[in-house]
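# Working through the structure, step by step
Listed below are the residues making up each chain.
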Amino acid sequence: SSFSGFASVPVKGSCCSYSSLAWAFQTQCSISAPWNVTVKQCRQSSFFNTLTADELWKGALAETGVGVKKGRGKRRKKKLRKNLNKGQEIGEGRSGFLWPGLNAPVIQSGRVQAITQRKKEERERIQSEIVQQRDTWEKKRKIKIKREGGWSGKCWGGVILDPPDPGPNGETYEDFETRVIEVKNVFCMKAKEGRKKSIRALVAIGNGKGAAGFAMGKASDRMNALRKAKNKAIRCLHFIELYQNQTIYHDITVKFKSTTIRMKKQNKGYGLRCHRAIITICKLIGIKDMYAKVSGSKNLINITRALFKGLTQQETHQQLANQKSLYVVEFREEQGPLPIVVALPEGTVREDPELEDEVPDTKLEWSEVKEAQGMKKSPWAN
């Protein structure tokens, strides 16, 4: 007679095939002799055996269902899928058994391997390695990543990132420096999910030699948003001309939406006296000396767009000479009242000088009036 749910494992050297033995372990079976196997099909007792891993994770993370459709739980911390097999090896355990097909080869030297057990010293060594590896992962999880180069300790502005990912042809961008300008939470209303949260990142990139760009990236988590932004920024580069590799060619006034930026050219050694976002972008471009005043909206996206708009529209001395067909001269402190010719027109020089308006068409601000009356010191004062 046979007993249901019992399997007699043959000893080493018996004539039982491995396939029959494996099938006996996977199903409810009864084995009366090594060569006589009776298999009985049983019903699966748990829904964990009937559903796939993706379907189980959907239920655990509440990715589908009535609650998500009604927007419930929108202010709770989002649960992420975890790799439950991390640090686990199939077939390994404290007993140290070697299971053919799991942690040992099925056939070795032309023979089907039987279930064996490791020696005590080898079991202790493997268990100590597993415990040490888990302790290392736990320490890494608890360590907080130190962010270097930020404007302050509580915001992501000014933080240095790794270079962008290599291009399709293997080109690298090690000479480009990447910095974060803004990281912000944004929300979008969905018909089924309700108020859906996303992360928007604004990133600027430059090599310090005139090539710079910026881009925005949006994703469900912060790191993916930063990665998208920096990879997009490297494909949207602008080349900006620098005067003597340290400042701009002339004073610039630019407006983007409700943000106005006034930039003034400065001598060597003056430094950067601007908004902190403008200082970060100027360092990426390679500008070392400049004064800038931001008025109106202080939105970081508008400031970034207005700055690049003004710097890309500036005219070099040679472009100005060709446009006016006149000599371009500059007054410097070391030369006193004597002008220095910095550019010559490529064509013929016209004889009549540039006309000047009797009444300058200049928009004045109250701060400028104070500066003109000597009530306030300003870099715009003559």
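Being a predicted model, the structure only gives us computed values, none of them experimental. (Residues numbered from 1 in each chain as written. Predicted model: local features only at pLDDT ≥ 70, side-chain atom pairs only at ≥ 80, totals over all residues. Heavy atoms only, no water.)

Here the focus is the packing of helix H6 (residues 276-285) against helix H7 (residues 300-312). Two elements in contact, H6 and H7, have axes separated by 10 Å at closest approach and are oriented at 40°. Between H6 and H7, the angle falls in the class oblique. H6 and H7 meet at a crossing whose hand is right-handed. Contacts between H6 and H7 involve Ala-277, Ile-278, Ile-281 and Ile-285 from the first element and Leu-300, Ile-303, Thr-304, Leu-307, Phe-308 and Leu-311 from the second. Along the lines of polarity and charge, the residues of the contact of H6 with H7 split into 9 nonpolar, 1 polar and no charged. (Axes fitted to C-alpha atoms, helices over the stretch in contact; angles between N-to-C directions. Helix = DSSP H or I, 4+ residues; strand = E, 2+ residues; numbered from the N terminus. Parallel < 35°, antiparallel > 145°, perpendicular 65-115°, else oblique. Left-handed = near helix turned anticlockwise from the far one by under 90°. Contact = heavy atoms within 4.5 Å. Nonpolar A, V, L, I, M, F, W, Y, C, P; charged D, E, K, R; others polar.)

Strand order in the open sheet formed by 4 strands is S12-S13-S15-S14, with mixed pairing between adjacent strands. Every other strand in the sheet has two partners, leaving strand S12 (252-256) and strand S14 (272-273) as the edge strands with one partner each. Pairing between S14 and strand S15 (residues 290-296): 2 bridges, direction parallel. Counted as the bridge partner of Arg-273 is Tyr-291 from S15. Along the sheet, H7 makes contact with S12, strand S13 (259-265) and S15, crossing S12 at roughly 135°. (Pairing = 2+ DSSP bridges.)

The topology assignment puts Arg-118 in the loop between strand S6 (116-117) and helix H4 (120-142). According to the relative accessible area criterion, Arg-118 is buried, its value standing at 13%. Within polar-contact distance, the side chain of Arg-118 engages the side chain of Glu-122 at 3.5 Å. Excluding residues that lie within four positions of it along the chain, Arg-118 makes contacts with Glu-92, Gly-96, Leu-98, Asn-103, Arg-123 and Ile-126. (Buried < 20%, exposed > 50% of the residue type's maximum accessible area, 1.4 Å probe, protein only. Polar contact = N/O pair within 3.5 Å; in protein donor to acceptor, adjacent residues only side chain to side chain.)

Applying the stated criterion across every chain yields a total of 4 aromatic pairs. Taking the centre distance of 6.4 Å and the plane angle of 75° together, the rings of Tyr-173 and Phe-176 count as edge-to-face. Since its relative accessible area comes to 17%, Tyr-173 is described here as buried. A residue is classified by how much of its surface remains accessible, and Phe-176, at 13% relative accessible area, is buried. Each ring, one from Phe-214 and one from Phe-308, has its centre 4.9 Å from the other, and the planes form 35°; the classification is tilted. Remark: Phe-308 occurs in helix H7 and Phe-214 occurs in strand S10 (residues 211-219); sequence separation between them is 94 residues. Phe-308 shares its class with Phe-214; the two are buried. For the cation-ring pair, Lys-265 lies above Tyr-243, with the distance from its terminal atom to the ring centre recorded as 3.9 Å. (Phe/Tyr/Trp six-rings, centres within 6.5 Å; stacked < 30°, edge-to-face > 60°. Lys NZ or Arg CZ within 6 Å of the ring centre and 35° of its normal.)

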